[in-house]
Number of protein chains: 2
Amino acid sequence: MANRIITDEAFLITALDLFRTYGFEGVSLKQLADATGLEKASLYYRYPGGKDEIVLAVATAVSQWLETNIAAPLAGPGTPRKRVACVVERLRELYCGGTKSCVIDVLSIPGGSPELKTGLKAAMQSWLNAYVEIAKECGLTPVQARHRAEEAMVRFEGSLVLARVLGDTSAFDRTLKLLPDLLTVA
Amino acid sequence: MANRIITDEAFLITALDLFRTYGFEGVSLKQLADATGLEKASLYYRYPGGKDEIVLAVATAVSQWLETNIAAPLAGPGTPRKRVACVVERLRELYCGGTKSCVIDVLSIPGGSPELKTGLKAAMQSWLNAYVEIAKECGLTPVQARHRAEEAMVRFEGSLVLARVLGDTSAFDRTLKLLPDLLTVA
DNA sequence: GTCTATATTAAGATAGAC
DNA sequence: GTCTATCTTAATATAGAC
């Protein structure tokens with residue numbers, strides 16, 4: 001712990017930013033080393049499995065973030081509409097107003113370990129389930145709630161793709177504005 | 001032309017399939033050579049600019065495909081609804097029922113030349129404009145038509161992301177089913 | 001626990017034979 | 001126009017000093 005010049009948490013935040021931007025194949029250990037101020041050999045000390053293990057740690061951290069900032073608030077106190085509004089603002093922040101890509105999307109392009117693929121799928125399913133639960137709470141049938149949840153996710157991911165391709169976040173802004181009605185109005 | 005063992009068109013189709021699956025950084029010249037039956041040196045003879053030039057040729061071919069199979073049918077004869085239905089079936093085919101990613105999406109992750117980025121953006125804008133025109137033809141205001149077009153694109157790209165992450169094309173199927181109403185009903 | 005140095009492999013790219 | 005052979009660079013990964 002003595003000579004550590006970057007915490008594990010800060011390391012993972014920096015790594016997340018690289019992976020969501022350039023994808024698994026687009027990020028090298030040298031980039032990770034330069035961006036975090038560590039040498040490549042130090043990365044192997046922390047993550048003996050190399051890039052596969054680092055990206056898996058990033059995916060795990062993202063899953064935890066989603067649990068804390070999406071699933072928990074959606075299941076917590078307050079009116080359903082206010083809970084969704086709160087989640088929308090956290091999403092706006094994490095995705096920097098639509099200027100940053102979704103790491104689940106970008107890392108789902110083949111390249112990492114099978115564990116990564118499984119972890120990303122589980123993260124999105126848990127995110128979707130949180131949407132389903134609040135929609136059911138608002139009076140929608142299980143099937144309707146599932147469709148609304150998937151529509152919310154589809155629109156969110158799709159608007160991030162448009163923002164990346166077109167360099168225009170207006171569709172992302174409209175999507176976020178729509179989410180409360182989509183998930184809470186029966 | 002004598003010893004050519006794969007046509008330019010077949011070469012680009014094979015290259016497209018690799019790039020849409022693995023992304024720019026995820027495809028090597030060796031993969032391209034193996035998949036097309038040519039040696040790396042032959043790829044450089046056809047495309048002296050290397051991978052950058054190959055992926056740009058792929059993007060150009062995709063732009064032409066979109067012009068022929070999306071823009072032209074949408075502006076052609078028949079009722080607006082039938083024209084959209086026709087386009088939907090071509091999209092279903094090109095994207096293999098949702099099991100293949102969108103090359104514009106996947107290649108928009110940083111990695112290629114600035115020309116690639118510009119070409120992808122132009123391709124999506126032209127696709128969007130074709131949607132806008134048919135929506136206006138059906139009585140929507142320019143602003144409404146623009147929003148419907150963007151919603152159609154957002155849902156299309158988003159449902160492909162979900163299909164890739166979750167391995168489930170049901171959201172993609174629902175999106176295609178929705179497109180005629182979305183683009184033609186005022 | 002991080003560093004410098006290096007081994008190993010694979011990538012992009014070119015020269016020259018056929 | 002494609003091939004084999006090779007060059008150069010950069011990637012992953014490890015050994016051992018501090």
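Residues numbered from 1 in each chain as written. Chains lettered and ligands numbered in written order. Predicted model: local features only at pLDDT ≥ 70, side-chain atom pairs only at ≥ 80, totals over all residues. Heavy atoms only, no water.

Caption draft 1: Examining the packing of aromatic side chains more closely. Throughout the structure, instances matching the rule amount to twelve aromatic pairs over all chains. Seen from their ring centres, F11 of chain A and Y47 of chain A are 5.4 Å apart, and the 25° between their planes marks the pair as stacked. With F11 of chain A in helix 1 (residues 8–22) and Y47 of chain A in the loop between helix 3 (40–46) and helix 4 (51–75), this residue pair connects regions lying 36 residues apart in the sequence. The exposure class assigned to F11 of chain A is buried, which follows from its relative accessible area of 0%. Summarising the aromatic geometry, the rings of F156 of chain B and F172 of chain B are spaced 5.6 Å apart at their centres and angled 55° between planes, so their arrangement reads as tilted. Here F156 of chain B is found in helix 8 (residues 142–166), whereas its partner F172 of chain B is found in helix 9 (residues 170–184), with 16 residues between them in sequence. Through pairs of rings, three or more aromatic residues link up here, namely Y95, W127, Y131, F156 and F172 of chain A. The cationic tip of K51 of chain A hangs over the ring face of F24 of chain A; the distance from NZ or CZ to the ring centre is 4.4 Å. (Phe/Tyr/Trp six-rings, centres within 6.5 Å; stacked < 30°, edge-to-face > 60°. Helix = DSSP H or I, 4+ residues; strand = E, 2+ residues; numbered from the N terminus. Buried < 20%, exposed > 50% of the residue type's maximum accessible area, 1.4 Å probe, protein only. Lys NZ or Arg CZ within 6 Å of the ring centre and 35° of its normal.)

Caption draft 2: Broad picture of the pattern of salt bridges. Counted under the stated rule, the structure contains 26 salt bridges over all chains. D8 of chain B is paired through a salt bridge with R46 of chain B; the nearest N and O atoms lie 3.0 Å apart. Here D8 of chain B is found in helix 1 (residues 8–22), whereas its partner R46 of chain B is found in helix 3 (residues 40–46), with 38 residues between them in sequence. For R46 of chain B, a relative accessible area of 18% gives the class buried. When salt bridges with common partners are traced through the structure, they connect D105 and R164 of chain A together with D105 and R164 of chain B into a single cluster. (Salt bridge = Lys/Arg side-chain N within 4 Å of Asp/Glu carboxyl O.)

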